[in-house]
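Analysis of the macromolecular model
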Amino acid sequence: MAALAEPAVSLWSPSDKLSPRIRKLRDEYFSYSSRDYFRNEVMPFTTGQPWDVVYSEHTWGVAPEVYPFMDAFKTSLLVDARTVPLQPEFWREPAIIRRALFFREVAEKHLPVQVLEGELIAGGQFNTASSRTLTKSEARKFKKMEKRYVRTLKELDSYGYGNAGATPGHLIPDYPTVLKIGFRGLREKFEALLAQAASPSHRDFLRALIICAEVPRTLAGRYARKLRELSARESDPGRRQELLRMAEICARVPEEPARNYWEALQSLWFTHILVMAAESYPGPGLSYGRFDQYLGPFYEQDLKSGALDRETAKEILESFFIKNNYVYDFQGRVGNNQGINSSFGQLITLSGMGPGGEDLTNDFTYLCLDVIEEINLLEPKPNVRLHKNTPDRLLRRVVEIVSRAQGAPFLINFDEISIRALEWIGLPKDKLWDYAPVGCLENTLQGNDRSGTVDVNINLAKAVELVLFNGRDQATGKQVGPRTGDPRQFRTFGEFFQAYEKQTLHVMEKLIGLYNLSDEIRARFEPVPYLSALVRGCETSGKDVTQGGPEFNFITMEAAALATTVDSLLAVKKLVFEEKKIGMDELIRAIAANYEGYDLLRQKLTNKAPKYGNDDPSSDELARRVSRFWSEAVTRYTSPFTGRRYRAGYLSWNYWIAYAPKTAATPDGRQRGTFLSNGVCPVNGADRHGPTAVINSVGNLNLSTIPNGSSHTISLSPSLARGREHQEKLMGLLRANVEHGSSALQINILDPETLKKAQKNPDEYKNLLVRVTGYNAYFVTLGKEIQDEIIARESHRT
Amino acid sequence: MDESSATGIVFSIQKFSTEDGPGIRTTVFLKGCPLHCPWCHNPESLSPRPELVWHALRCLGDGACLKACPEKALTRAGSVLQIDRKRCIACGICVEECPAAALEILGKKMTVTEVMAEVRKDSRYYEKSGGGVTFSGGEPTLQSEFLRELLEACRAAGLHTALDTCGQCRPETLAALLPGVNLVLFDLKTLDRDALKRFTGGQLDLILDNLRLADSRGIPIWVRVPVIPGYTDSPANIEAIARLVGSDLRHVERLDLLAFSNLCLAKYEQLGMEFALKGSPLFSPEEMLALREAAERAGAKNAVVSGPMRSNGPA
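As the structure is a computational prediction, the values presented were derived from the model and not from experiment.

Some thoughts on the overall build of chain A
- Across its full length, chain A carries 28 helices and 18 strands.
- The dimensions of chain A, computed from C-alpha atoms along their principal axes, are 85 × 70 × 50 Å.
- Across the 798 residues in chain A, those meeting the buried criterion constitute 66%.
- One way to put it: in chain A the 102 positive side-chain charges average out to a point 4 Å from where the 98 negative ones average out.

As structure tokens, this is what we get:
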């Protein structure tokens, strides 16, 4: 009851349980404009050669909103770049060594070292645009290939097919090993391998790993010195002690194994930020894996020995959490359009099952949940794994946070459904209990898996348009796809569906060709030896993380517009072929006219055809057919240069918006420009029977062919999550999804009125977080389009 | 699984029903009611027959329905579609022809098998949440044979059942149904015999007899009081009901105080009916909590407040 009467704004703010120190650090993070003494903005570094490259388009190829600025970024970053002095012999080294040496120079001499007042985890300026250290002839080849890539990228994007690009981040480095043996231990391992390595290229590669594995010690050492300086000047005795303690910690880790909780978190943070510095890609999808599993033992040990109390542990963790948000400084000056990048997705995974299906929740899991709820920030993004044996206590806590905190961005992953699909793609069954999602909900293995996600993004609805116009793009009239025949001549829905399959394959192959090109460019010219040191398999295969070196390597094609496509096919099937209420010719003319002047027809298509999302067996069966067709087909492709194999996912990110204007009107009654459907969600408003029916429909897709995971968002009104009685009902809903549903679920507890208020008074609702297709964003920073979309989505509910 | 082809008139099957009993439920609404409570939030449930409704906001004004109607029951006055309810036989032809889904038949003839097929789709949710199926209305006991078979089919399927009744039925009818019921949601509006008769047509003695009958069978009961401004919202009424359930009856597990809702106004307009409580304000949370305290003081063990209330948040 009390929650109903509470003023809305207080729901989005951090909890008043935060200590003054943490509150101040949190506020400091939000005060981007006044914090000119500490910003994590992009720092470009060049070799000084006139042909140097510090920015590559394919890195951002999956972000269409960036295309218009790519040239500007590329030029201005190079112009602004600081020249890193290099020894003449640098240019005699092989490419992999050059990358390692350059990285070492940057991290050891150029990354700024600053400590914020009161913070407990040091390190925050890591955002680089680093030279690719190419020779003149390499640069010429690189630029030629990159040019071809950009040309194809823009072409396919303009058709509304989708996009593709070798995207960095989006993986889980082997952090637990660093905590266990330190970078010294890693170097020893690499040295031992070096002693045995036969091929010169393997030896070069191992040398590069060793060079990179020296970097954390040096950078941490610079922090240790800084901390000692600060402690000498510090007048507050308590803080002086803290600074000294932090100096000791930084003098030790990540070089040496972490011995306690504080060391572990500091070690983790240094290791993590250096990945971002090395990849020149801050944040997106660089994930921690099963955070509570590898930190829990440190926490419990320190608590037991009395070295740590819960409150201190919490403050250290909160300090760590706040630091993760500094990735956003990257876009501080440009603002964010459409909420792109507004959730970077440094994902932490909590709970989940063990090898025997037993639950692995520990005390630290609950500490993390408390911090997530109280601190109410975007990063790191939490994902909780649920399964058959999840204890009620954890489930209740999750539901409480989802219901009450509203803000806390929360992803829920379902183990059995996730694991089934990872097994289907051929990953070893006995390792799958230890999977974890990256970014938003993209399932991978930990520490040994370079399975990119959001690598290739396909708009499934485009194929429907290509069928209707016999391979032509409706807007331009260009013959872009194969001629699958004049649909007016099709006698059965079967013929229509066959044409749809052909066009889908065409779109897929175009995008795969584009990705293959970027995959090759990255593998040839942009090795990341520091990251390779942190992904198992590279050291033994002698191949970089970008070259298929890790134990597991997949490329993911993520689909948008599943439901739009399904509903379109359902409408054609029922109204054109079965009931013959609409002629194919009339339908094509109406779509060509974007339904202008065809309102009655459009109404019929909208209202008289079945829709996916209503737990209706025959509609769901067609949905399953569509889903399985492309997700099975994609696994038959491999990227030739790296040997990485393709697999499917339903993330959709923001592409359901980006490709809306580039997709003609669809036979489900949608007009050009109206958003496509996202993830495995039904078309907005098409689901009329509530969340259980939607979850059933999603489950009926049989997502075992979607190893990378499926994004499903449901929205519930706050009244459905009030009080313990209703929260138990939500627990039941989640337990049911464990058995049948998507691999990942996000629940928005929002009412449209609140959202409308937030749109009008953004200042009052600065901290209002919403979940948008697998990622989370501050509502007021989203473009008006997405805001309206979310409001519409909420308002559809009755 | 012995489901018959018995049919009834169902006006809605609501999934993820969270306000009609424990856990996640499906509520099956049966059409027809012997009472005529002025605050009824399901006016479409009153008539036992299927009824045509028109959704003004969706109407395109294309006139397909006028042409289609074989009974000439539809006419248009300006932008308003008028339904001659004496002529309309709710055949559904106009619904079929309307491209915009602006016409709808409320009340569908369904077999037990059809209802059960829908209900079973959410079995997983009932199982995981301790939920089940609730039969409501209207007054579901009006379709007693259909209901009895539905209850039977639920029992065969292992589903928990709740019966939401106003108690205005013959005791023999109720007695025949109770063996298939796991929980009774018993609507009790007022203990003022005359007021009850005048406003709703209900007979208090019959209703109380039925309440005692259910109680005597040992079936858990949730007594539900619609708290309606000017009708049932006096502390005296709430206290009297609380005293009754707290002392005389042994199996009342909970007393629900359901705050007046005005969300049904649009439905009245669609049906061409007058909503007597149009313009009445919602209760504030404080008012409802005060009533709950009154109920608890009078002996109700587990009084629970729900329903829409005025927001105290910033405007």
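Considering the overall build of chain B
- When helices and strands are counted, chain B shows 11 helices and 13 strands.
- The C-alpha radius of gyration of chain B comes to 20 Å, within 12% of the 20 Å expected for a compact globule of 315 residues.
- Along the first, second and third principal axes, the C-alpha atoms of chain B reach 60 × 50 × 40 Å.
- Contacts in chain B between residues far apart in sequence, at least 24 positions, make up 71% of those at least 6 positions apart.
- As presented, chain B carries roughly 13,600 Å² of accessible surface, and 51% of it is formed by carbon and sulfur atoms.
- Positive and negative side-chain charges in chain B, numbering 36 and 39 respectively, have mean positions lying 2 Å apart.

Focus: a positive patch on the surface
- A grouping of Lys144(A), Lys147(A), Arg148(A) and Arg151(A) is seen on the molecular surface, where their side chains present a positively charged patch.
- Along the chain, Lys144(A) turns up in helix H6 (residues 136-159).

A closer look at helix H25 (residues 690-700) of chain A
All names here are of chain A.
- Across the 11 residues that make up H25, a large majority, 10, are buried.
- Looking only at H25, the buried set comprises Pro691, Thr692, Ala693, Val694, Ile695, Asn696, Ser697, Val698, Gly699 and Asn700.
- Trailing H25 by a residue or two, Asn702 shows a phi angle of about 60°, which is positive.

Describing the nonpolar core
Residue and element names in this part refer to chain A.
- Ranked by size, the top nonpolar core spans 135 residues in total, and within it Tyr261, Leu265, Phe291, Leu295, Leu317 and Phe320 carry the most contacts.
- With 14 residues, helix H8 (residues 200-233) is the largest single contributor of residues to this core.
- What Leu265 contacts, discounting residues up to four positions off in sequence, is Ile121, Phe291, Leu295, Ile316, Leu317 and Phe320.
- Judged by nonpolar contacts, the second largest core, of 93 residues, contains Phe142, Val150, Ala623 and Ala648.

Quick look at the pattern of salt bridges
Residues and elements named next belong to chain A.
- Applying the stated rule across the entire model yields 65 salt bridges over all chains.
- We note a salt bridge from Arg385 to Asp415, for which the minimum N-O separation is 2.7 Å. Of this pair, Arg385 sits in strand S7 (residues 381-386) while Asp415 sits in helix H15 (residues 415-424); the two residues are 30 residues apart in sequence, bridging distant segments of the chain.

Re the sheet that holds strand S10 (residues 183-187) of chain B
All names here are of chain B.
- Reading across the sheet, the 9 strands line up as S7-S1-S2-S8-S9-S10-S11-S12-S13 and stay open at both edges, with mixed pairing between neighbours. The sheet is open, and its two edges are formed by strand S7 (108-111) and strand S13 (303-306), each paired on a single side. For this sheet, the mean angle separating the axes of adjacent strands, direction not counted, is 30°.
- Examined bridge by bridge, strand S1 (residues 7-17) and S7 share 4 bridges and lie antiparallel to one another.

What to know about the side chain of Glu279(A)
All names here are of chain A.
- Along the chain, the position of Glu279 falls in helix H10 (residues 261-279).
- Despite its burial, Glu279 remains without a salt bridge, the nearest opposite charge being carried by Arg450 at 4.2 Å.
- Excluding anything up to four places from it in sequence, Glu279 contacts Pro168, Gly169, Arg450, Val528 and Leu531.

Looking at the packing of helix H9 (residues 235-248) of chain B against helix H11 (residues 285-297) of chain B
Residues and elements named next belong to chain B.
- Interaxial distance between H9 and H11 falls to 8 Å at its minimum, and their mutual angle equals 40°. Judged by the inter-axis angle, H9 sits oblique to H11. When the axes of H9 and H11 are compared, the crossing they make is right-handed. Touching Pro235, Ile238, Glu239 and Ala242 of H9 are Leu291, Ala294, Ala295 and Arg297, all from H11.
- Within the contact of H9 with H11, the residues separate by chemical class into 6 nonpolar, no polar and 2 charged.

Here we look at the interface of chain B and chain A
- With 32 residues of chain B in contact, the opposing surface of chain A contributes 33 residues.
- Counting the surface chain B buries against chain A, the share from its top three residues, Phe16(B), Tyr125(B) and Lys128(B), is 23%.
- At the surface where chain B touches chain A, the tally comes to 4 salt bridges.
- Glu739(A) is the salt-bridge partner of Lys128(B), the closest N and O atoms lying 2.5 Å from each other.
- Going through the elements one at a time, S1, helix H2 (93-97), helix H4 (123-129) and S13 of chain B are the ones with two or more residues in the side of chain B that touches chain A.
- Counting residues per element, the side of chain B that touches chain A draws most heavily on H4(B), which supplies 4 residues.
- Looking at the side of chain B that touches chain A residue by residue, the classes come out as 16 nonpolar, 7 polar and 9 charged.

Focus on the state of the cysteines
All names here are of chain B.
- Counted under the stated rule, the structure contains 0 disulfides over all chains.
- Free of any disulfide, Cys154 has its nearest neighbouring cysteine sulfur in Cys169, separated by 18 Å.
- Judged by its relative accessible area of 0%, Cys154 is buried.
- Looking at the unpaired Cys169, the closest cysteine sulfur is the one in Cys166, lying at 7.3 Å.
- Taking relative accessible area as the criterion, Cys169 reaches 9% and is therefore assigned buried.

Some points on unusual backbone geometry
- Of note, the bond from Glu379(A) into Pro380(A) is cis; its omega dihedral lies within 30 degrees of zero at -15°.
- By the element assignment, Pro380(A) lies in the loop between helix H13 (363-375) and S7.
- Omega for the bond connecting Gly137(B) with Gly138(B) falls within 30 degrees of zero, at 15°, which places this linkage in the cis form.
- Following the sequence through the fold, Gly138(B) ends up in the loop between strand S8 (132-136) and helix H5 (144-156).
- In the Ramachandran plot, Asn470(A) falls in the positive-phi region, its phi being about 55° despite a non-glycine side chain.
- Taking the relative accessible area as the measure of exposure, Asn470(A) reaches 21% and is therefore partly exposed.
- Even without a glycine there, the phi angle at Ala561(A) is positive, about 75°.
- As for its placement among the helices and strands, Ala561(A) is situated in the loop between strand S13 (552-560) and helix H20 (562-578).
- Given the relative accessible area of 0%, Ala561(A) is considered buried.

Things to note about H5(B)
Residues and elements named next belong to chain B.
- Here H5 is 13 residues long and its end C-alpha atoms lie 18 Å apart, about the 18 Å a rise of 1.5 Å per residue gives.
- Burial in H5 covers these residues: Phe146, Leu147, Glu149, Leu150, Leu151, Ala153 and Cys154.
- Downstream of H5 by one or two residues, Gly158 has phi in the positive range, about 75°.

Section: the packing of aromatic side chains
Residue and element names in this part refer to chain A.
- Applying the stated criterion to the full structure yields 39 aromatic pairs over all chains.
- With centroids separated by 5.5 Å and ring planes inclined at 55°, the aromatic side chains of Tyr288 and Phe320 adopt a geometry described as tilted. In this pair, Tyr288 sits in the loop between H10 and strand S5 (289-290) while Phe320 sits in helix H12 (residues 310-324), placing the two residues 32 residues apart along the sequence. Of the two residues examined, Tyr288 and Phe320, each falls in the buried class.

Some remarks on the side chain of Gln266(A)
Residue and element names in this part refer to chain A.
- Mapped onto the elements of the fold, Gln266 is located in helix H10.
- According to the relative accessible area criterion, Gln266 is buried, its value standing at 1%.
- Here Ala122 takes part through its backbone nitrogen, which lies 2.9 Å from a polar atom of the side chain of Gln266.
- Leaving out residues up to four positions away in the same chain, Gln266 has contacts with Leu120, Ile121, Ala122, Ile249, Cys250 and Val253.

Cut-offs and rules
Residues numbered from 1 in each chain as written. Chains lettered and ligands numbered in written order. Predicted model: local features only at pLDDT ≥ 70, side-chain atom pairs only at ≥ 80, totals over all residues. Heavy atoms only, no water. Helix = DSSP H or I, 4+ residues; strand = E, 2+ residues; numbered from the N terminus. Buried < 20%, exposed > 50% of the residue type's maximum accessible area, 1.4 Å probe, protein only. Lys, Arg positive; Asp, Glu negative; His and termini not counted. Charge placed at Lys NZ, Arg CZ, Asp CG, Glu CD. Rg over C-alpha atoms; globule rule 2.2 N^0.38 Å. Contact = heavy atoms within 4.5 Å. Areas by Shrake-Rupley, 256 points an atom, 1.4 Å probe, with all protein chains shown as cover. Patch = residues over 30% accessible without salt bridge, like charges linked within 9 Å, V, L, I, M, F, W, Y side chains within 5 Å. Salt bridge = Lys/Arg side-chain N within 4 Å of Asp/Glu carboxyl O. Core = buried A, V, L, I, M, F, W, Y, C linked by side-chain atoms within 4.5 Å. Pairing = 2+ DSSP bridges. Axes fitted to C-alpha atoms, helices over the stretch in contact; angles between N-to-C directions. Parallel < 35°, antiparallel > 145°, perpendicular 65-115°, else oblique. Left-handed = near helix turned anticlockwise from the far one by under 90°. Nonpolar A, V, L, I, M, F, W, Y, C, P; charged D, E, K, R; others polar. Buried area = accessible area lost by both parts, 1.4 Å probe. Disulfide = S-S within 2.5 Å. Expected span 1.5 Å × (residues − 1). Phe/Tyr/Trp six-rings, centres within 6.5 Å; stacked < 30°, edge-to-face > 60°. Polar contact = N/O pair within 3.5 Å; in protein donor to acceptor, adjacent residues only side chain to side chain.

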